[in-house]
Amino acid sequence: MPGLHMGAMWGTAGSMLVALVTLWSVCAEAASDSGDVILPPVSKSTHNVAVILLQGAGITASAYTPLLEQIQKDAAANLGFGMSVWAASPQVALSTVDPLNIGGAISRVQQALAQKGMPSNTPVFLMGHSLGGAMLELYAHDHPAGFAGCVFMGSFISRSRRNVEGIPAYPLPTLTLAAELDGLSRVTRNGAEAFYVQVTRAQNRTVGVRDMGVVVLPGVSHMQYASGSPPALVKERDLMPEVSYDAAHAAMSSSIVTWLDVQTSHRAPALDSLLVLASQTEEFVAPIVASLQLEGSQWLKPSCNSDFPSNPVCRYPKWPDKC
C-alpha cells in the first residue's frame, strides 16, 4: 500500500538522519576535544581559582592562550597574595559556541582540569568573548549553579537580564570589559550604557562595582582579547587598535585578576583597586552618557508614556491646564 510504503521509507530515512547526526556529534566532540586549551597554574598556592574562556566565532581556543597565560602570571604575583589560576578554553566544532555545545564544552574542560589536579572546591569563573560571551550570558543565567561568576569580553548582559531600578537581576557576579575601539560590541553599549545602568544607578555603588562592574579598556579593539589573524567578519568591522596585543592583554588581565581577587578573597586593597578602575571608566563614559541622556535614550531611562494623573511620576502637565 502506498501510504505504508511511504511511511516505511520515511522511517528508514529518519533513522539514517538520526544516525548521521549522532555520528557528526561524536566526531565533532572528538575533534573539539583535541583542540582544548588546558593550563595548570604557573605556581601553587592555597588560593585556587579556575577560569574557563569561551571563544568568539571563527577564533580557535588556542588564540586565547596568551591572555590566559597573562592572567595566570599576574594572579601568581598579585601583590603578595598569589592565586593559583587553573585556566582552560574549550575548542568547539567550527569554532562556534552555541546553545547545544556550550554545556558539554564547559563540563569537558572542567573534567580535564580536575584530572590535572585542580581541587574539587575550586571556584569556577566563566569568561566569554564575542559570540562566546553572548552564549555564556544566556547559559549562565539559566544554569548558574556551580559557577562563581562571569566575565564578558566584547559582549554584555542583555537589557532584559540586567539591573532593574538599581537592583541586580543577573544571578551571578559579573565583570564586563569594554574595549574603546571595539568595532563589533561598541563602547557606547557595553561600556557607557552598561556602566550607567549597572553601576551609576545601583542602590549601592560599591556593590554595583563589585558584582556588576564595567571597565573600559582604552585603545583596545575587539580582536585583541584573542591573538592571531581575525576571522573575516571581525576583520571587516573591527577598528584599528592603538595599543599592542601585549599591552591589551596586560590591561585585561589586571582588571580580571583584581576582580577575581575581590570575588574570592574579599580583600579591602583589591576592592579599592576595583573602585579606582570604576572611577576611571566613569570619567571615560561620562560624555557618552551625557549625549545619550540628551537624546532621551530609552535604555538609560525608560520612556514615560502616560497621561497625568495615571502615572504622576512622569510629571506631565494635565491637559488642558498645561502647567
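About the thresholds
Residues numbered from 1 in each chain as written. Predicted model: local features only at pLDDT ≥ 70, side-chain atom pairs only at ≥ 80, totals over all residues. Heavy atoms only, no water. Phe/Tyr/Trp six-rings, centres within 6.5 Å; stacked < 30°, edge-to-face > 60°. Helix = DSSP H or I, 4+ residues; strand = E, 2+ residues; numbered from the N terminus. Buried < 20%, exposed > 50% of the residue type's maximum accessible area, 1.4 Å probe, protein only. Lys NZ or Arg CZ within 6 Å of the ring centre and 35° of its normal. Polar contact = N/O pair within 3.5 Å; in protein donor to acceptor, adjacent residues only side chain to side chain. Contact = heavy atoms within 4.5 Å. Pairing = 2+ DSSP bridges. Axes fitted to C-alpha atoms, helices over the stretch in contact; angles between N-to-C directions.

Chemist: Please explain the packing of aromatic side chains as it appears in this structure.
Modeler: Any aromatic ring pair is given by two values, namely how distant the centres are and how the planes are angled relative to each other. Per the stated rule, a full pass over the model turns up 2 aromatic pairs. Where F125 meets W259, the ring centres are 5.5 Å apart and the plane angle is 75°; that geometry is what we call edge-to-face. Of this pair, F125 sits in strand β4 (residues 124-129) while W259 sits in helix α8 (residues 245-265), and the two are 134 residues apart along the sequence. Note on accessibility: F125 and W259 belong to one class, buried. On the numbers, 6.1 Å between centres and 85° between planes, the contact of F152 with Y170 is edge-to-face. With F152 in strand β5 (residues 149-153) and Y170 in the loop between β5 and β6 (174-181), this residue pair connects regions lying 18 residues apart in the sequence. Exposure class is identical for F152 and Y170. Each is buried. Over the ring of W299 we find R159, and its NZ or CZ is 3.9 Å from the ring centre. The ring of F156 has R189 sitting right over it, with the charged end atom 3.9 Å from the ring centre.

Chemist: Help me out: how do you make sense of the side chain of Q72 in this one?
Modeler: With respect to the helices and strands, the residue Q72 is situated in helix α2 (residues 65-76). Within the structure, Q72 has its side chain in polar contact with the backbone oxygen of V85 (distance 2.8 Å). For Q72, the contacting residues outside a window of four places in its chain are L39, P40, P41, V42, V85 and A87.

Chemist: Could you clarify how one ought to interpret the sheet that holds strand β3 (residues 84-89) in this entry?
Modeler: The strands making up a sheet are joined through hydrogen bonds of the backbone, oriented either antiparallel or parallel. Taken together, the 7 strands give an open sheet; going across it, the order is β1-β3-β2-β4-β5-β6-β7, and neighbouring strands pair in mixed fashion. Of all the strands in the sheet, just β1 (37-39) and β7 (213-221) have a single pairing partner and so form its edges. Here the strands of the sheet are splayed against their neighbours by 20° on average, with no regard to which way each runs. Bridge count between β1 and β3: 3 bridges; the pairing is antiparallel. Within the sheet, the bridge partner assigned to I38 lies in β3 and is A88. Set on the sheet, α2 makes contact with β1, β2 (48-54), β3, β4 and β5; between it and β3 the angle comes to about 170°. Contacts between helix α5 (residues 187-200) and the sheet are confined to β6 and β7, with β7 contributing the most and set at about 160° to the helix.

That is the geometry; function is a separate question.
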